[in-house]
Structures are given as C-alpha cells and as structure tokens.
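Spelled out, the chains give:
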Amino acid sequence: MEQFLLVTLNGLSLAGVYFLVASGLTLIFGLMRVITMAHGTMYLLGGYIGYVIARETGQWWLAILGSAAVVGLLGLFIHQVLIRRFQDDDMRVALITLGVSLIGADLMSAVFGGVAYQVPAPSAWMESISLPGVGAYPLARLLILALSIVIGILLWLLINRTRYGSIVRAGVDDSAMTAATGINIRLVFASIFVLGSALAAVAGVANGTLFPLLPGQDGVFLLYSLVVVIVGGMGSIAGAAVGAVLVGLISQFGLVFAPSYANVLTFALMVVVLAVRPQGILGRKTA
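Now for a quick tour of the structure. In this text the structure is predicted, and so the values were computed from the model without any measurement.

Some points on the overall build of the chain
A count of helices and strands for the chain gives 11 helices and two strands. Computed over C-alpha atoms, the radius of gyration of the chain comes to 19 Å, within 12% of the 19 Å expected from 2.2 N^0.38 for 287 residues, which places it in the range of a compact globule. Structurally, the chain occupies a C-alpha span of about 60 × 45 × 35 Å along its principal axes. Entry remark: accessible area of the chain is about 13400 Å², with carbon and sulfur atoms responsible for 69%. Taking the 13 positively charged and 10 negatively charged side chains of the chain as two groups, their mean positions are separated by 10 Å.

Written as structure tokens, this is what we have:
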C-alpha cells in the first residue's frame, strides 16, 4: 500500500507538469485550431530562462514570471509575424513552427550545451514532509502539484466564466460573426497564443525544479502534451486535467510494474480513447 500511494503521488506530480504544458497546447491547438510544433521548444526555453533568472536573483517566483513573460512575447512574435497570414493552412503552419522548433533546439544547444541544468528552488522546498501511509515525501513535488491545480482552476474560470472566455469560444465557433460585432478577433487569438506559450514556459520552470533540463526534452514534452490533449479532448481545460492525470499515473505505474511497456501503455491509452470516443473524454463532437 505504501508503494501504491507513493507511485500515485509521483504520477499526480508528473501529471501537474503535463497539465501545464498541455493546457497551453489545448488553448492554441484546441481552441484556435493552430497546429504548432514549437510548443515543446517554448517549454524547454522557458525552463532555461527560468534557470538563468533563478540562478542570478535567487527568486524562484521571479523565474516563473520572467520566463512566462519572455516566452509569451516570443509566442506573440511567432503568431503575428510568422503564421498569422497562414493560420487557416494547417500544413504550412505546421512546417513553419517545425522550422522554429528545429532552429530553437539548435540555438539552445549552442548556448547551454548538453549539460543538465536544474532550476534553483528555495531551500525549504528541498525538505521532505511525512505523509500518512507514504512516509517522507519531497515538499517540492507537492508544491508543484498545488501550483498546477491553482493554475488549472484559474484557466477554467477564465475560459468558462468570463466575458473574455465567451469571446474566445464564440470566435472559435464563428470568427466572422464574432468579428462582425466589433470585436478584434485577431487580438483575441494573439492573446491566446501568448497565454499558451507562457503556460509552456511555466511548465518548463516547474519541471526544471523537479528534474534536470536536458536537450531533447522539447520533443518529448510536445509528444506527451499532444497525447494529453487528444485523450482529454481538444479545447477543454478540464479534459486536459483528466488526460494529464491518466497519462501521469499510467506512465508512473508502468515504470514501476512494467518498465519495458511503460511507453506502450501510455500510447495504448490514446489509441483506446480514440477508438471509443474520438473527440476525447471531455471533448465536443464536431459537425
């Protein structure tokens, strides 16, 4: 039972990071229908920027805010300058963002090399606390999980309970009609791209606090965030949370009890969901 609870907590803390990455992707891919292959690059770049800020200032929260701001502005540049004119051409957008991803990966390798970096966190976070039935457990993992839950609730409220969220959802359903009401739909979509990119950066700092940042993680987290979005349902924040929990738990239990099949089980989940419910667990059916 102790091992079961420990693996469950590990899976949930990993799910928190997956959710932060996938929530940004579900906003861009699920709501805007923009296929961005540079989302993993945003994640890794955000982690590196957070590492530099935390190392120089000693302030973890400043690292979160600074990386989110820088990567959010980069996302705005990519959307407005590189892909806005081709937003309805899925193949061209995918190729452009793939090029951005490859260039970004090479530049990050040139600047940071192949060395592993870990984002410095407050010393109190490095302690362990005693949990019933589990024993000593790292406080940092619990705090990152709590951060992801808070961000998830705020995102859900933003999309489902605010005027801005109503405009976004209306723009997705019928952008021409929404623009006819006098709303600048281009500005709304640009803000979504900024928010999605910033969330990827926050995930980079959060995961970089728990595990080392390494070249190649951009592709890995892009792939897993796509799995989470597909399993949970495109455009659904709650679906991204459900998908992240399922992927996180299955991957961790797979690593413990069937390490040779851990990746197989994760992608088998996606195949089963697509076969039974193609729109995802909490996704909407499209006409």
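Now, onward.
A few points about the pairing of strand S2 (residues 135–138)
Regular strands show a simple pattern: their side chains alternate between the two faces of the sheet. In the sheet, strand S1 (residues 128–131) pairs with S2 via four bridges, with the strands oriented antiparallel. Across the sheet, the residue bridging to Ser128 is Pro138, located in S2.

So, helix H11 (residues 262–276)
Taking 1.5 Å per residue as the helical rise, H11 with its 15 residues ought to reach 21 Å, and the 22 Å between its terminal C-alpha atoms agrees with that figure. Those residues of H11 not exposed but buried are Ala262, Thr266, Leu269, Met270 and Val273. One side of H11 holds all its buried residues, which, seen down the axis, span an arc of 95°. Facing away from the buried surface of H11 by more than 90 degrees, the exposed residues are Val264, Val271, Val272 and Ala275. Residues of H11 that are buried sit in contact with helix H9 (217–232) and helix H10 (237–257).

Digging into empty space enclosed by the protein
Enumeration over the complete set of coordinates arrives at one cavity of 30 Å³ or more. In this structure, the largest cavity occupies an estimated 30 Å³ of space. Forming the boundary of the largest cavity are Ile28, Thr36, Ala38, His39, Met42, Phe193 and Ser197. When grouped by side-chain class, the residues that make up the lining of the largest cavity number four nonpolar, three polar and no charged.

So, the packing of helix H2 (residues 39–57) against helix H3 (residues 60–83)
Close contact between H2 and H3 brings their axes to 8 Å; oriented N to C, the two are set at 145°. Crossing angle aside, the handedness with which H2 passes H3 is right-handed. Listed contacts from H3 to Met42, Leu45, Gly46, Ile49, Gly50, Ile53, Ala54 and Thr57 of H2 are Leu62, Ala63, Gly66, Ser67, Val70, Val71, Leu74, Gly75 and Ile78. Residue classes in the contact of H2 with H3 are distributed as 11 nonpolar, six polar and no charged.

Describing the environment of Val34
The residue Val34 is located in the loop between helix H1 (2–31) and H2 in this model. Looking at Val34, the relative accessible area reads 1%, which means it is buried. Put simply, Val34 and Gln87 are 53 residues apart on the chain and 6.6 Å apart in space, counted from C-alpha to C-alpha. Those residues within four positions of Val34 in sequence are excluded, and the remaining contacts are Ile28, Phe29, Ile83, Gln87, Val93 and Phe193.

Some thoughts on helix H4 (residues 90–112)
With 23 residues, H4 should cover 33 Å at 1.5 Å per step; its first-to-last C-alpha distance of 32 Å lies within 8% of that length. Of the positions making up H4, those classed as buried are Val93, Ala94, Thr97, Ser101, Gly104, Met108 and Phe112. Contacts made by the buried residues of H4 are with H2 and H3. One or two steps after H4, the chain reaches Gly113, where phi turns positive at roughly 70°.

Calculation criteria
Residues numbered from 1 in each chain as written. Predicted model: local features only at pLDDT ≥ 70, side-chain atom pairs only at ≥ 80, totals over all residues. Heavy atoms only, no water. Helix = DSSP H or I, 4+ residues; strand = E, 2+ residues; numbered from the N terminus. Rg over C-alpha atoms; globule rule 2.2 N^0.38 Å. Areas by Shrake-Rupley, 256 points an atom, 1.4 Å probe, with all protein chains shown as cover. Lys, Arg positive; Asp, Glu negative; His and termini not counted. Charge placed at Lys NZ, Arg CZ, Asp CG, Glu CD. Pairing = 2+ DSSP bridges. Expected span 1.5 Å × (residues − 1). Buried < 20%, exposed > 50% of the residue type's maximum accessible area, 1.4 Å probe, protein only. Arc of directions from axis to C-beta. Contact = heavy atoms within 4.5 Å. 1 Å grid on protein atoms, 1.4 Å probe; cavity = no way out; pocket = protein on both sides within 12 Å on 5 of 7 lines; lining within 4 Å. Points joined across faces, edges and corners; volume = space filled by probe spheres on them. Nonpolar A, V, L, I, M, F, W, Y, C, P; charged D, E, K, R; others polar. Axes fitted to C-alpha atoms, helices over the stretch in contact; angles between N-to-C directions. Left-handed = near helix turned anticlockwise from the far one by under 90°.

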